[in-house]
Amino acid sequence: MNFKLDENLGQWAVELLASAGHDVSTVVEQGLSGGSDRPLAEHCARESRCLVTLDKEFANPLLYPPADFAGIVLLRYPDRGGRASLEPGVQTLLEALRTAQSERGVASLRGKLWVVQRGVVREYAPLPTDDELDRL
C-alpha cells in the first residue's frame, strides 16, 4: 500500500511500514508541514495514498468522506508521547493489513476509514443509501 504519514508521526513509523513492504512518504519530506487539513487530504487523494494521522478531524466522514480517498487511518491514543505510545497502534495497523491480505487476498484501505487503537481496529461503515435499502 501507499501511505502518507502526517507530521505527528516520526521516522520510526516510516521504517516500520516500509519494512513491511509498503511505500511510505511523509508530510514533512514533501514540505506540507503546518498546512491546513483540506489541502493535505486533497494531496493524498491525488497521490492515491492512505493518510495515517493522529488528527481527529480526518475521522469526520462529513468533512472527509472515506469513499473519496485511498484510505484514512486515525491512530487514537490518549498519550501522544511519541514512539512508545504510538508504535503499538502502527503494529496493530500492520497486523490488520496482514489479516485482510490473508482473508481477502488483498489489503486495501481504499474508501475506508479505520480508527486504530492498541489491538483494535474499528472500520467506519456508512449507512446504506435509500437505493441500497430498496435492493435488500
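These lines cover the structure that appears in this document, whether it is placed above or below.

### Structural notes on the packing of aromatic side chains
No. 1: Scanning the entire structure with this criterion turns up 2 aromatic pairs.
No. 2: Note on Phe58 and Tyr64: the rings are 4.8 Å apart at their centroids and 40° apart in plane angle, and the pair reads as tilted. By the burial criterion, Phe58 is buried, and Tyr64 matches it.
No. 3: Both rings, one in Tyr64 and one in Phe69, keep their centres 6.3 Å apart while their planes meet at 55°; by these two values the pair is tilted. Neither Tyr64 nor Phe69 differs from the other in exposure class; each is buried.
No. 4: An aromatic cluster is built from Phe58, Tyr64 and Phe69, whose rings are joined through pairwise contacts.

### A look at the side chain of Thr92
No. 1: Within the secondary structure, Thr92 is located in helix α3 (residues 83-104).
No. 2: Residue classification places Thr92 among the buried residues on the basis of a relative accessible area of 12%.
No. 3: Excluding residues within four positions of it along the chain, Thr92 makes contact with Val116, Gln117, Arg118, Gly119, Val120 and Val121.

### Describing the pattern of salt bridges
No. 1: Under the definition given, this model contains 5 salt bridges.
No. 2: One salt bridge in this structure joins Glu47 and Lys4, with 2.6 Å as the shortest N-O distance. Highlighted residues: Glu47 in helix α2 (residues 37-47) and Lys4 in strand β1 (residues 2-5), separated in sequence by 43 residues.
No. 3: The class of Glu47 is partly exposed, set by a relative accessible area of 28%.
No. 4: Look at Lys4 and you get buried, because its relative accessible area is 0%.
No. 5: Measuring nitrogen to oxygen at the nearest pair gives 3.0 Å for the salt bridge that ties Glu95 to Arg98. Placement of the pair is Glu95 and Arg98 together in helix α3, with a separation of 3 residues, close to one helical turn.

### A short note on the nonpolar core
No. 1: One finds Val73, Leu75 and Leu93 to be the most contacted residues of the largest nonpolar core, which totals 26 residues.
No. 2: When residues of this core are traced back to their parent elements, those giving at least two are β1, α1 (11-19), β3 (50-53), β4 (72-75), α3 and β5 (113-117).
No. 3: It is α3 that contributes the most residues to this core, 7 residues altogether.
No. 4: Among all residues touching Val73, those that are not within four sequence positions of it are Cys50, Leu51, Val52, Thr53, Leu93, Leu109, Trp114 and Val116.
No. 5: In this structure, Val27, Leu51, Phe69 and Ile72 belong to the second largest nonpolar core, which totals 10 residues.

What counts and what doesn't
- Throughout this document, residue positions are counted from 1 along each chain, in the order its sequence is written.
- In keeping with the model being predicted, local features are shown solely for residues with a pLDDT of at least 70 and side-chain atom pairs are shown and tallied solely at 80 or more, while totals for entire chains, interfaces and linings include all residues.
- Calculation of side-chain values draws on the structure's entire complement of heavy atoms; hydrogens and water are dropped beforehand.
- Aromatic pairs are defined between Phe, Tyr and Trp rings, using the six-membered ring for Trp, whenever the two ring centres lie within 6.5 Å; interplanar angles under 30 degrees are classed as stacked, those over 60 as edge-to-face, and all others as tilted.
- Accessible area is worked out with a 1.4 Å probe on protein chains only. A residue is then buried under 20% of its type maximum, exposed over 50%, and partly exposed in between.
- Helix and strand definitions follow DSSP, with helices as H or I runs of at least four residues and strands as E runs of at least two, each counted in order from the N terminus.
- Contact between two residues is taken to exist if any of their heavy atoms lie within 4.5 Å; hydrogens are not considered.
- Between Lys or Arg on one side and Asp or Glu on the other, a salt bridge is scored when a side-chain nitrogen of the former is within 4 Å of a carboxyl oxygen of the latter.
- For this analysis, a nonpolar core means a set of buried residues of the types Ala, Val, Leu, Ile, Met, Phe, Trp, Tyr and Cys, connected via side-chain atoms within 4.5 Å.

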